[in-house]
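Examining the three-dimensional arrangement
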Amino acid sequence: MARRSKDDDPLEGSPHANRTSQKTRQGSANDPGIGQSFSKRATQKTINPDGSFNVKRIGSNSFLIDIYHYLLQITWGRFMLFSMLFYFSMNILFATIYFLVGVEHLNGANTESTGRSFLSAFFFSAQTFTTVGYGGISPKGVLTSFVAAGEALVGLMSFAIITGLVYGRFSRPTAKIQFSKKTLVSPYEEGRGLMFRIANKRRSEIIELSATVMMVSTDKTGTGYSRNFDRLELEVDSIKFLPMNWTIVHPIDEKSPLFEKDKDWYEDHDVEFLVLIQAFDDTFSQTVYSRYSYKWDEVVWGAKFVKPFYVDDEGMVVMDLNKLDDFDDIVLPQ
């Protein structure tokens, strides 16, 4: 069914439009969970390139639970940096305790100066924390032995947690879908189409892919701004395999909410296209998801994608991910 225009909607601009507009606009979709009514026009992308949402949560007291998920989701570089900082911080903490108790209670420690005494305490802490125990330095006295025993326990538990995090990061099934940086308005059949491309960045295979694309547009109301949601019909919304690339196309015809809309309308309504890709990872035997979005300023009018693959001399199809974003400028049909 075609979407009704604003002139056909008697609730447009009324105080109740924010609550009822989704029920009165034909062809619209339900709020996917990102909110509908706002006090001012949103300017940032709803979904970041890494798939995370631009929503900042405050007032949560679940820091210890969240830090576990945080360490599973951050990049490997940040994870290694966090692990190193944690390791050195714990050794500095216990070295300070040994230093305050008295380095003279560590057999074999260097007590010639304050700096060397602290270094001896630090290296003894590192040996105890990792349970290496070279034997060059050993605790003397009940208090120092208790501190060393406690540090050994903390070290064992810490490395067990870090090992679990490393395993969780390796074993967690995730989709590495590469999206084209731009979405294009290109000639399609006898009209136009909105299209973008995706490809699998990993060497593993993903099968049974499906795509959902939703358009978010913003309208000015009497009390603020209201978001409208329209699910875009796709030329093909699912494929069986993805060994190469998939160009996802929304035909801009009479049934499309984009029909006869120009680029100025995209900007005036702060249009954003939300993309959800669902697939089955053949390696992990689990369903994986990938999210992305395109704002109105990431839409290129009058362009056509260049083929990102070719056949080499041996007859092998070569997929070049570096060319997934390449396109040529063309003239759009009127």
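Please read all numbers here as calculations on a predicted model, not as lab measurements.

1. Quick notes on the overall build of the protein chain
- Counting its secondary structure elements, the protein chain contains 6 helices and 17 strands.
- By the burial criterion, 38% of the 334 residues in the protein chain qualify as buried.
- Counted over contacts in the protein chain with a minimum sequence separation of 6, partners at least 24 positions apart contribute 67%.
- For the protein chain, the exposed surface amounts to about 20,100 Å²; the carbon and sulfur share of it is 56%.

2. Things to note about the pattern of salt bridges
- All told, the structure shown has 4 salt bridges when counted by the stated rule.
- Across the pair arginine 116 and glutamate 112 runs a salt bridge, and its minimum N-O distance is 2.6 Å.
- The exposure class assigned to arginine 116 is partly exposed, which follows from its relative accessible area of 45%.
- Close ionic contact of lysine 255 with glutamate 233 constitutes a salt bridge, the shortest N to O distance being 4.0 Å. In this pair, lysine 255 is assigned in the loop between β10 (245–252) and α6 (263–268) and glutamate 233 in the loop between β8 (225–231) and β9 (238–241), connecting sequence segments 22 residues apart.

3. Comments concerning empty space enclosed by the protein
- Tallied over the full model, the rule gives 3 cavities of 30 Å³ or more.
- By volume, the second largest cavity amounts to about 40 Å³.
- As for the second largest cavity, its lining consists of Gln44, Thr46, Val216, Thr218, Arg227, Asp270, Glu272 and Lys295.
- Grouping the constituent residues of the lining of the second largest cavity by class yields 1 nonpolar, 3 polar and 4 charged.

4. Regarding the packing of aromatic side chains
- Inspection of the entire model under this criterion finds 15 aromatic pairs.
- For the pair tyrosine 87 and phenylalanine 88, a centre-to-centre distance of 5.4 Å together with 75° between the ring planes defines the contact as edge-to-face.
- Between tyrosine 98 and phenylalanine 124 the ring centres are 5.1 Å apart and the planes differ by 70°, which places this aromatic pair in the edge-to-face class. Pair noted here: tyrosine 98 is in helix α3 (residues 76–101) and phenylalanine 124 is in helix α4 (residues 114–129), with a separation of 26 residues, a long-range link. For the pair formed by tyrosine 98 and phenylalanine 124, the shared burial category is buried.
- Through a chain of ring-to-ring contacts, the aromatic side chains of Tyr87, Phe88, Phe122, Phe123, Phe129 and Phe159 assemble into a single cluster.
- When the ring centre of tryptophan 76 is taken as reference, the NZ or CZ atom of arginine 169 above it lies at 4.2 Å.
- When the ring centre of tryptophan 265 is taken as reference, the NZ or CZ atom of lysine 261 above it lies at 5.2 Å.

5. A few points about α3
- The terminal C-alpha atoms of α3 lie 38 Å apart, and with 26 residues this matches the ideal 38 Å at 1.5 Å per residue to within 8%.
- At the C-terminal side of α3, glycine 102 shows a positive phi close to 130°.

6. Here we look at the environment of tryptophan 301
- Here tryptophan 301 shows up in strand β13 (residues 299–301).
- Look past the residues within four positions of tryptophan 301 in its chain and what remains in contact with it is Val185, Arg192, Lys261, Asp262, Lys263, Tyr266 and Leu332.

7. What about α4?
- Taking 1.5 Å as the rise per residue, α4 with 16 residues should run 22 Å; its terminal C-alpha atoms sit 22 Å apart, in good agreement.
- Of all the residues in α4, the buried ones are Ser117, Ser120, Ala121, Phe122, Phe124, Ser125, Ala126, Gln127, Thr128 and Phe129.
- As for α4, its buried residues are in contact with α3, β2 (106–107), β3 (138–139) and α5 (142–171).

8. A look at a nonpolar patch on the surface
- A cluster of nonpolar side chains, Trp76, Met80 and Phe170, forms an exposed patch at the surface whose accessible area comes to about 340 Å².
- Tracing the chain through its elements places phenylalanine 170 in helix α5.

9. As for the packing of α4 against α5
- The contact between α4 and α5 brings their axes to 8 Å, and the two run at 55°. With respect to their mutual orientation, α4 and α5 come out oblique. Contacts from Phe124, Ser125, Thr128 and Phe129 in α4 reach Ala148, Glu151, Ala152, Val154, Gly155, Leu156, Ser158 and Phe159 in α5.
- Across the contact of α4 with α5, the residue classes break down as 7 nonpolar, 4 polar and 1 charged.

Conventions we followed
Residues numbered from 1 in each chain as written. Predicted model: local features only at pLDDT ≥ 70, side-chain atom pairs only at ≥ 80, totals over all residues. Heavy atoms only, no water. Helix = DSSP H or I, 4+ residues; strand = E, 2+ residues; numbered from the N terminus. Buried < 20%, exposed > 50% of the residue type's maximum accessible area, 1.4 Å probe, protein only. Contact = heavy atoms within 4.5 Å. Areas by Shrake-Rupley, 256 points an atom, 1.4 Å probe, with all protein chains shown as cover. Salt bridge = Lys/Arg side-chain N within 4 Å of Asp/Glu carboxyl O. 1 Å grid on protein atoms, 1.4 Å probe; cavity = no way out; pocket = protein on both sides within 12 Å on 5 of 7 lines; lining within 4 Å. Points joined across faces, edges and corners; volume = space filled by probe spheres on them. Nonpolar A, V, L, I, M, F, W, Y, C, P; charged D, E, K, R; others polar. Phe/Tyr/Trp six-rings, centres within 6.5 Å; stacked < 30°, edge-to-face > 60°. Lys NZ or Arg CZ within 6 Å of the ring centre and 35° of its normal. Expected span 1.5 Å × (residues − 1). Patch = residues over 30% accessible without salt bridge, like charges linked within 9 Å, V, L, I, M, F, W, Y side chains within 5 Å. Axes fitted to C-alpha atoms, helices over the stretch in contact; angles between N-to-C directions. Parallel < 35°, antiparallel > 145°, perpendicular 65-115°, else oblique.

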